[in-house]
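# Architecture at a glance
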Amino acid sequence: MSDITRIDQNARRSRASVFGDLVFLAGQVADTKTADITQQTKEALAKVDDMLARAGTDKSRLLSVQVWLKSMDDFDAMNAVYDAWVVPGNAPTRACGKVELADPAYRIEVIAIAARG
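This is a predicted model, so every value here is computed, not measured.

### With respect to the packing of helix α1 (residues 37-54) against helix α2 (residues 75-85)
For the pair α1 and α2, interaxial distance at closest approach is 8 Å and the crossing angle is 35 degrees. As for the relative orientation of α1 and α2, their crossing is right-handed in sense. Residues I37, T38, T41, K42, L45, V48 and D49 of α1 touch α2, and the partners they reach there are A77, M78, V81, Y82 and W85. In terms of residue class, the contact of α1 with α2 is built from eight nonpolar, two polar and two charged.

### Considering the side chain of S14
As for its position among the elements, S14 is in strand β2 (residues 14-19). Dropping the residues within four chain positions of it, S14 is found in contact with R6, I7, D8, Q9 and A26.

### A look at the sheet that holds strand β5 (residues 93-98)
One open sheet accounts for six strands, arranged β1-β2-β3-β6-β4-β5; its pairing is mixed. The sheet terminates laterally at β1 (4-9) and β5, the two strands that pair on one side only. Geometrically, the sheet is characterised by an average inter-axis angle of 10 degrees between neighbouring strands, direction not taken into account. With five bridges connecting them, β1 and β2 associate as antiparallel partners. Pairing of I4 across the sheet is with F19, part of β2. Along the sheet, α1 contacts β1, β2, β3 (22-25), β4 (62-69) and β6 (108-115); its crossing angle with β6, the most-contacted strand, is approximately 30 degrees. Here α2 sits on the sheet and contacts β4, β5 and β6; the angle it forms with β5, its principal contact strand, is near 160 degrees.

### Considering α1
An α-helix turns once every 3.6 residues. As a result, residues three or four positions apart point the same way. The end-to-end C-alpha distance of α1 is 25 Å, a good match for the 26 Å that 18 residues give at a rise of 1.5 Å each. What α1 keeps buried is the set I37, Q40, T41, E43, A44, L45, V48, M51 and L52. Residue G56 follows α1 closely and has a positive phi angle near 90 degrees.

### Examining a nonpolar patch on the surface
Residues I4, F19, L22, F24 and L63 make up a contiguous nonpolar surface patch of about 410 Å² in total accessible area. Residue position: F19 is located in strand β2. For F19, a relative accessible area of 38% puts it in the partly exposed group.

### Considerations on the layout of surface pockets
In this structure, the largest pocket spans a volume of roughly 160 Å³. Along the walls of the largest pocket sit R13, R15, A26, G27, V29, W68, E100, L101, A102, D103, Y106 and E109, which together make up its complete lining. For the lining of the largest pocket, a count of residues per class yields six nonpolar, one polar and five charged.

Calculation rules
- Residues numbered from 1 in each chain as written.
- Predicted model: local features only at pLDDT ≥ 70, side-chain atom pairs only at ≥ 80, totals over all residues.
- Heavy atoms only, no water.
- Axes fitted to C-alpha atoms, helices over the stretch in contact; angles between N-to-C directions.
- Helix = DSSP H or I, 4+ residues; strand = E, 2+ residues; numbered from the N terminus.
- Left-handed = near helix turned anticlockwise from the far one by under 90°.
- Contact = heavy atoms within 4.5 Å.
- Nonpolar A, V, L, I, M, F, W, Y, C, P; charged D, E, K, R; others polar.
- Pairing = 2+ DSSP bridges.
- Expected span 1.5 Å × (residues − 1).
- Buried < 20%, exposed > 50% of the residue type's maximum accessible area, 1.4 Å probe, protein only.
- Patch = residues over 30% accessible without salt bridge, like charges linked within 9 Å, V, L, I, M, F, W, Y side chains within 5 Å.
- Areas by Shrake-Rupley, 256 points an atom, 1.4 Å probe, with all protein chains shown as cover.
- Salt bridge = Lys/Arg side-chain N within 4 Å of Asp/Glu carboxyl O.
- 1 Å grid on protein atoms, 1.4 Å probe; cavity = no way out; pocket = protein on both sides within 12 Å on 5 of 7 lines; lining within 4 Å.
- Points joined across faces, edges and corners; volume = space filled by probe spheres on them.

Read these as layout, nothing more, since geometry by itself doesn't imply function.
Shown next, in the form of structure tokens:
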């Protein structure tokens, strides 16, 4: 049986968990809470990139992405950034929905699962 590796763990959560050849990311949000959706999306996706690298993989190995938006009014602007970020020919499955985020300043949260190896 494979061991579980937890990355950037505290008492409540790990930012990533690795089990076998799978990487599960916690929700990634922007650092700049006052930014518009374009900047918040760039920052959240940069954090996805960073966490994937820390887990030994990258966005070309994404299997699934969930995008949570504060408002569906941000859908087109978020997609403009997301579409430029995703690796052509390696688009993961994706779901996107409007949710009430834990901090109302956040406009987006991104959750992902990727393969390693």
